[in-house]
Structure formats: structure tokens, C-alpha cells
Amino acid sequence: MNEDAPSRAAWLDLIGLVAAAAVGLVVAARGFPLALFAALSDLLVRGPMEPGVYAAAVLAVAIAVPALLPRLPGWPVAAAGLAVFLVADLTAADAMMKGLMPIEVGTAREIAIALTAVAGLGLALGGALLALAQAPPVARWWVGAGLSAGLVLHPVGSELFRAVLPGRAENPRSAPAGQIVDGIDVEVWVALGLVLVAAVVAYVRRSGGAVATPARFRPGAIVAVIAAAALLLLGLALRRRAIRELRLSSDEMAGREATIESFAQVSAVVLAVVVALLLTAYAYRLGRAPAARWVVLGAAAAPVAAFEFTYGGPSSGTRTTLVLLFGILAVAGGALAARHAARTLPWDAIGVVVTAAATPWSWPEVRAELPSGDTVGPVLIAVGLGLAFGSGIVLVTETTGTPPTGPAGTVNGRAGGDSAAAAPAAAAPAAAAPAAADDDPTGGPTRHRFGDLVGVLVLGPAALMLCASALAPVVLTSHVAGLIEEDPSLTLPLFTTVGAVLLVLLFGFARAVDRPRPGPRAEATTSQLV
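Numbering of residues starts from 1 in every chain and runs along the sequence as written. Residues qualify for local features only when their pLDDT is at least 70, as the model is predicted, and side-chain atom pairs are given and counted only at 80 or more; totals for whole chains, interfaces and linings, by contrast, use all residues. Only hydrogens and water are set aside; all other atoms, that is, all heavy atoms of the structure, feed into the side-chain values.

Description of the overall build of the protein chain
Secondary structure is summarised from DSSP: a helix means a run of H or I of at least four residues, a strand means a run of E of at least two, and numbering begins at the N terminus for each. On a plain count of helices and strands, the protein chain comes out with 21 helices and zero strands. For every residue, the accessible area (1.4 Å probe, protein chains only) is compared with the maximum for its type, and the residue is labelled buried under 20%, exposed over 50%, or partly exposed between those bounds. Looking at the protein chain residue by residue over its 530 residues, the buried ones come to 52%. When checking whether two residues touch, look at their non-hydrogen atoms; a contact exists if any pair is within 4.5 Å. Long-range pairs, those at least 24 residues apart, make up 82% of the contacts in the protein chain between residues at least 6 apart in sequence. The method behind every accessible area is Shrake-Rupley, applied with a 1.4 Å probe, and residues are considered shielded solely by the protein chains displayed. Roughly 23,000 Å² of accessible area belongs to the protein chain as shown, and the carbon and sulfur atoms make up 68% of that amount.

Shown next, in the form of C-alpha cells:
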């Protein structure tokens, strides 16, 4: 029976992986396009901001809500979020499109239903992150890899669902059985079923005492996300007002169009940078450099993950197979690299660099000159994002979620592992007081509190959505030919590249700070020799 235990645990971990991938796929397929509303609203500069501009902010805040519910099981919270989305979508078909499109603003009821559906999506992703934090340490990388795969490969998954499942009938009552919902809706139902199965598995594991201690109640994460979302909305409103006034006065002075467009572009980038820095600063306070890297990764990958990975329209089976295969391999490779070689190279930064290098393949000019870009571009983006998110989410769970053990100066019992084995007497006091493992009695900068893991995890996707909404106008102008005279395409690769540079700096800083220091006995021996 003991020989069957590892295989049984592997099957249970696989269930969590598949459920997390389904949640990531649904949230990315329905949530990422919401950031585009900010760009569409930016083109229609008239009156107050449309309701669609608030969608990304609502989604980011809803992702952070489970940080307030650390003692609730994560998978039921994710199931509740998916159920809210389904109820809102069934109440009004295509509620998010009808209620949030800036071209034709919906009624107050449609707007309320649309924002409720958006909140359900955010709650589902936050619940999956909460389940990731509550999973046994040996199973966390499975759930993290699955969630990353769903977030990265959602265009391929959605296309496969559309190819296999029938489309929505105009009249659901007259539709044949199995033809009432379209592929996207079936994704939600499948995700809900998998999440419920994962909830049962997690309950069985928790009954057997195999689940880590739930996190403490720490409201700081959602407060930081709300502050960043409010700052984003305020910045968008001020930017919108300034652009409107400049355009109204552009007739008085010739040649101001280029200045107006430059201001629109620079202001969007500055707003994204400010939001990212705010969330990164708070993440660093919670989990030091690894937590800050997770938020920087979300911000740097935001324009590519939300917009550049386009997969509109049917594609060839070869392209779909290549993107799916290389994307899965990249996610798995990134997760394994973060587990076994985290201190060797900054794997998340390497993935971001590959993503930035693949961005030009999505430019209209390049795609017109090189038809192979329709395949090469998505494959490179899948590899870059897969490596970045696969390594990033595993790194943050490995370094932030494990209670600190061993003597002062260790990183979750890793960096000082050798010194702990050589000096068992020094490790004894830490083992004698497990109740204080959630605190930092030494005040060392490399000791993390387990209760901060959920808060750190939700900050990454929140930064992704908020920065994608801020950069949406730049993305739109770089993809639609003829919108402006000056091509701004280099802005997004530079933004992503700067994020990669910051990831490398944080990697080097973490290695310098977390370097094992000699214990008291070694220091005494050194002083005697001197």
C-alpha cells in the first residue's frame, strides 16, 4: 500500500493541475480582452469615461478579494466565482459586451450584470491562487504550472473548444441538446466541474492532515490593489481630459497632432510604470525580492499576454499543435528550473526577453512581409510567456510560502541548509518554537511569513490587468495601421525589456542578500585565528 501512495498522490496533484489550468484559461479568455475597453474608450474622447474602462480595475480588485479569506478553502471560492460568472452570463447573454462596449453604452442593469460577471472571473482566479497557497508544498508547483499554462495558452484552448463544440443557437429553446452554449460557455462549465472535483480532493487531503496551515488574515494586499486601481482610473481620467483639451485646441496651432499623440503614448507608459512600482513596493515588503519579481513579471508581460498573443480566426492544425506543444514544454521547463535551479539563472527574465524579441512578429508590417510570422510569432510568445510564468509562480511559492526554519540568515531553510546541518544546536531553538514560525523574531530581511503568500500571489495578476489597461491605447495604435503618423511599435518591446532588466537586478540582489553567512561558532573560530 505504501508503494501505491506516490502514484496516488501524483494523480491527486494532476487533478489540481488540470483544474488550475481550466480556471486560468477561462479567466484569461474572458478577462484579458477587458483591458481593450480602455483603448476603445480612448479613441472616443467625449464626455465621461465609459463603464468599460472600469472593467479591468474591477477584475484586479476581485482577484485580490481571496486575500481577505485565507482560512476558507480556495477551490470552493474559485467555484463560487465561476458560478457568479455563469449566472450573470445566463441572465443576459454576452453581458460584458453589451454592458461595457464604449460604442453603445448599455443600460444600468446591463452594466451591473457585466461588472458582476467580471467580479466573478476575478474571484475565480483569486480562489485558484488561494488553493495554490493552501496546497501541500510538494503539490504547489503542479497547481502553479497548471495555472500558468491556462493563462498563457488560453488562445489555443479557446480555439480547440470552438473547433470541437457547436456554436450557440440564436434561440436556445429551439436548439438541439448540447447546442445551447458556445465553446467559451462550455469552457466555463468544464472549469466549474474540474474545480469542484479539485475541491473534493483538497477536502480529503485536508482531512488527512496533508494541507499546509492556512494563511493569516492580512488585508494589505487588497488595499494595495484598490489604491493602484484608483490611481489608474484617476490617471486615465486626467489623461483623457488633457487629450480632449489638446485636440480641441489643435486647430489654433498647426502641427500639434504629433505632440498630442506623443503625450498620449508617454502618459500611458508613465501611468503603467507608476501602478507597477506601487504594487512592486508592497510586494517587496511582503516577500522581498522573489515577491517583487512576481509583480514585475506581471507588469512586464501585461501588453504581450493581454494583446500581442493574438489568435483570432481559425488557424492551421500545425500552428495550433506547435504553439500548444512548445507552450506546455516551456511552462514545465520553467517550473522545473525554478524548483531545482532557481539560483542559477533568472529564468523569468529570460522568458520576458524571449517575449520581447517575439513582439515584432505581431506588427502588421512584419506579418505582411513574412507570412511565416503567423506561426513563428505565437510559438515564440508561447515559449517566452510559458517560461516566464512557469518559473515565476513556482519561484514565488517556493520562497514565500514556506515557513522559515533553521538559524538566522537562512532562506526558508535553503540557503543555510549546510550550516544548519553543521550546527544542530543552533537549529534547535527554531524547531522548539514552531508556533512562532509565521513571525520573524530575528528581523532578518530574508525570512518570510507564510501568511503573506496569498497576498503576494494575487498582486501579480492584478498588476498584469492594471498595466494592460494602462498600456491598451499604445497597443491599439501599434496594431492598427494609419492611426498615427509615427510608429510607436518600439514602445512595448522597450517596456517589456526594461521589466526584464529589473528582474535581473532583483535576481542579483536576492543572491547577494541571501548568501549564507558564517554562524557564531565559525565567527568565533575566525576571531581566534586572527
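Regarding the pattern of salt bridges
What makes a salt bridge here is a side-chain nitrogen of Lys or Arg within 4 Å of a carboxyl oxygen of Asp or Glu, nothing more. Applying the stated criterion across every chain yields a total of two salt bridges. D348 serves as the salt-bridge partner of R293, at 3.0 Å between the closest nitrogen and oxygen. A residue pair is termed long-range when its members are at least 10 positions apart, and R293 in helix α11 (residues 257–300) and D348 in helix α14 (residues 347–358) qualify at 55 residues. By relative accessible area, R293 is classed as buried at 6%. With a shortest N-O distance of 3.1 Å, R339 and E398 are connected by a salt bridge.

Describing helix α7 (residues 140–152)
Taking 1.5 Å of rise per residue, the 13 residues of α7 would be expected to cover 18 Å, and the 18 Å separating its terminal C-alpha atoms lies within 8% of that figure. Counting buried residues in α7 gives twelve out of 13 residues, a clear majority hidden from the surface. Among the residues of α7, those classed as buried are R140, W141, V143, G144, A145, G146, L147, S148, A149, G150, L151 and V152. Helix span, as expected, comes to 1.5 Å for every residue beyond the first.

Comments concerning unusual backbone geometry
A positive phi angle, near 60°, is found at R288, a position not held by glycine. If you trace the backbone, R288 turns up in helix α11.

Thoughts on the packing of aromatic side chains
Two aromatic rings, drawn from Phe, Tyr or Trp (for Trp, its six-membered ring), form a pair once their centres lie within 6.5 Å of each other, and the interplanar angle then sorts them: stacked below 30 degrees, edge-to-face above 60, tilted otherwise. Enumeration over the complete set of coordinates arrives at three aromatic pairs. Arranged with centres 6.3 Å apart and planes meeting at 90°, the rings of W294 and F389 form a pair that is edge-to-face. Of this pair, W294 sits in helix α11 while F389 sits in helix α16 (residues 373–400); the two residues are 95 residues apart in sequence, bridging distant segments of the chain.

Quick notes on the environment of A135
Among the structural elements, A135 can be located in the loop between α6 (108–134) and α7. A135 sits 71 residues away from R206 along the chain, and the two C-alpha atoms are 9.2 Å apart.

Some words on the packing of α6 against α7
Where α6 meets α7, the axes come as close as 8 Å, and the angle between the chain directions of the two elements is 155°. If you check the angle between α6 and α7, you find them roughly antiparallel. Contact residues: L125, A128, L129, L132 and A133 in α6; R140, V143, G144 and L147 in α7. Class assignment for the residues of the contact of α6 with α7 results in seven nonpolar, one polar and one charged. Throughout, an axis means a line fitted to C-alpha atoms (over the contacting stretch in the case of helices), and angles, computed between N-to-C directions, take values from 0 to 180 degrees. Oblique is the label for any angle not covered by the other classes, which are roughly parallel (under 35 degrees), roughly antiparallel (over 145) and roughly perpendicular (65 to 115). Ten residues, namely Ala, Val, Leu, Ile, Met, Phe, Trp, Tyr, Cys and Pro, are considered nonpolar, four, namely Asp, Glu, Lys and Arg, are considered charged, and the remaining ones, Gly among them, are considered polar.

Side note on the environment of D452
On the secondary structure map, D452 appears in the loop between α18 (424–432) and α19 (453–479). Since its relative accessible area comes to 2%, D452 is described here as buried. For the pair D452 and R285, spaced 167 residues apart in sequence, the C-alpha separation works out to 9.8 Å. Residues contacting D452, with those up to four places away along its chain left out, are R218 and L286.

Digging into helix α4 (residues 74–91)
Over its 18 residues, α4 runs 26 Å from end to end, which matches the ideal 26 Å to within 8%, given 1.5 Å per residue. Within α4 the residues assigned to the buried category are G74, W75, V77, A78, A79, G81, L82, F85, L86, A88 and D89.

Examining a nonpolar patch on the surface
A contiguous nonpolar surface patch, about 360 Å² in accessible area, is contributed by L231, V266, V270, V274 and L278. Per element, the largest residue contribution to the nonpolar patch is four residues, and it comes from α11. Mapped onto the elements of the fold, L278 is located in helix α11. Classification of L278 as partly exposed rests on a relative accessible area of 33%. Exposure above 30% relative accessible area and the absence of a salt bridge qualify a residue for a patch, where like charges join within 9 Å and nonpolar side chains (Val, Leu, Ile, Met, Phe, Trp, Tyr) within 5 Å.

Brief notes about the packing of α4 against α6
Following both chains from N to C, one finds α4 and α6 inclined at 160°, their axes separated by 7 Å at the closest point. Overall, the two elements α4 and α6 adopt an arrangement that is roughly antiparallel. Here α4 and α6 pass one another in a crossing that is left-handed. Residues of the contact of α4 with α6, tallied by class, amount to 16 nonpolar, seven polar and one charged. We call a crossing left-handed when the near helix sits turned anticlockwise from the far one by less than a right angle, and right-handed when that turn is clockwise.

A short note on the confidence of the model for the protein chain
Chain-level statistics for the protein chain give a pLDDT mean of 75 and a share of 67% at 70 or above. Segment residues 210–214: pLDDT under 50, and 16 contacts once partners within four positions in sequence are set aside and those in other chains are kept. The predictor attaches a confidence to each residue, called pLDDT, with possible values from 0 through 100.

Some remarks on the environment of A128
By secondary structure assignment, the location of A128 is in helix α6. Through-space distance from the C-alpha of A128 to that of A78 is 5.7 Å; in sequence the pair is 50 residues apart. Among residues more than four places away in sequence, those in contact with A128 are V23, W75, A78 and L147.

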